[in-house]
Amino acid sequence: MKSEGKRRKQLWRHARTARRGGAVVEMAVVSPLLLMMLLGMIEFGYVFMMQQSMTNAVREATRVATLPGATDADIQNRLVGALAPTGLNVTPGMIQITRATIQNPVVSVRLQVPYSRVTLLGVLPSSLFCGFFNGGQGGGGSIDTKTVGSTCSMHLEVAS
């Protein structure tokens with residue numbers, strides 16, 4: 001009787017230990033997937049936030065461009081100032097300003113920043129997000145050829 005009780009305890013202990021080992025294996029298989037998903041969500045959220053910050057900065061710069069007497073330096077300073085809280089350093093080569101003319105009274109400001117300057121993790125998302133880069137042109141290429149940016153146009157109000 002006593003030996004039968006001992007035997008049951010040993011079997012129970014063995015089964016419990018075997019299940020614990022199975023849980024460790026399952027965790028080892030699933031955790032890299034979960035970690036990749038988590039880091040992907042963080043990366044996409046950060047890039048999306050930066051893209052929205054760029055959109056707001058371009059909108060403010062375009063508003064400055066519609067003011068009478070605004071120079072390119074004023075427009076660039078407003079754009080750089082609006083992006084300063086994000087920590088994104090923008091060079092004049094990334095900014096394209098299209099001035100209004102009599103034939104086309106629309107002012108346009110465009111900002112294109114290399115993805116490598118915007119990313120947190122330094123990885124490029126899959127082709128699922130290719131429309132998010134290069135204005136929907138997507139395609140192949142390395143992280144150095146992809147850009148994130150925004151364009152804003154405003155009609156120039158002329159006092160009559």
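Note that this is a predicted model, so its numbers are computed, not measured.

Student: Mind showing me how you'd approach the confidence of the model for the protein here?
Tutor: Fine structural detail should not be taken from predicted coordinates in areas where pLDDT scores are low. Mean pLDDT over the protein works out to 81, with 79% of the residues at or above the 70 mark. Across the protein, the secondary-structure element scoring lowest on mean pLDDT is helix α3 (residues 115-118), at 83, and the one scoring highest is helix α2 (residues 72-83), at 94.

Student: Would you mind going over the side chain of S108 with me for this structure?
Tutor: By secondary structure assignment, the location of S108 is in strand β2 (residues 106-114). Of note is the side chain of S108, whose polar atom sits 3.3 Å from the side chain of S153. Sequence-distant contacts of S108, defined by excluding residues within four places in its chain, comprise Q96, I97, T98, T151, C152 and S153.

Student: Can you walk me through the sheet that holds β2 in this structure?
Tutor: Within a beta sheet, neighbouring strands are joined by backbone hydrogen bonds and run either parallel or antiparallel to one another. Strands sit in the order β1-β2-β3 across an open sheet of three strands; the sheet is antiparallel. Each edge of the open sheet carries a strand with a single partner, namely β1 (95-98) and β3 (147-155). On average, each strand axis in the sheet is inclined to that of its neighbour by 10°, with strand direction left out of account. The sheet contact formed by β1 and β2 spans four bridges and is antiparallel. Residue Q96 lies in a different strand from β2, and its bridge partner there is R110. α2 contacts β1 and β2 of the sheet and is inclined by roughly 135° relative to β1.

Student: What exactly am I supposed to notice about the nonpolar core here?
Tutor: A general tendency of soluble globular proteins is for nonpolar side chains to be buried together. In this structure, M54, L79, L83, L88, V90 and L111 are the most contacted members of the largest nonpolar core, which totals 24 residues. For this core, the secondary structure elements donating two or more residues are α1 (2-65), α2, β2, α3 and β3. Looking at which element gives the most residues to this core, the answer is α1, with eight residues. In contact with V90, not counting residues within four places along its chain, are L79, V80, L83, I95 and L111.

Conventions used here
Residues numbered from 1 in each chain as written. Predicted model: local features only at pLDDT ≥ 70, side-chain atom pairs only at ≥ 80, totals over all residues. Heavy atoms only, no water. pLDDT = per-residue confidence, 0-100. Helix = DSSP H or I, 4+ residues; strand = E, 2+ residues; numbered from the N terminus. Polar contact = N/O pair within 3.5 Å; in protein donor to acceptor, adjacent residues only side chain to side chain. Contact = heavy atoms within 4.5 Å. Pairing = 2+ DSSP bridges. Axes fitted to C-alpha atoms, helices over the stretch in contact; angles between N-to-C directions. Core = buried A, V, L, I, M, F, W, Y, C linked by side-chain atoms within 4.5 Å. Buried < 20%, exposed > 50% of the residue type's maximum accessible area, 1.4 Å probe, protein only.

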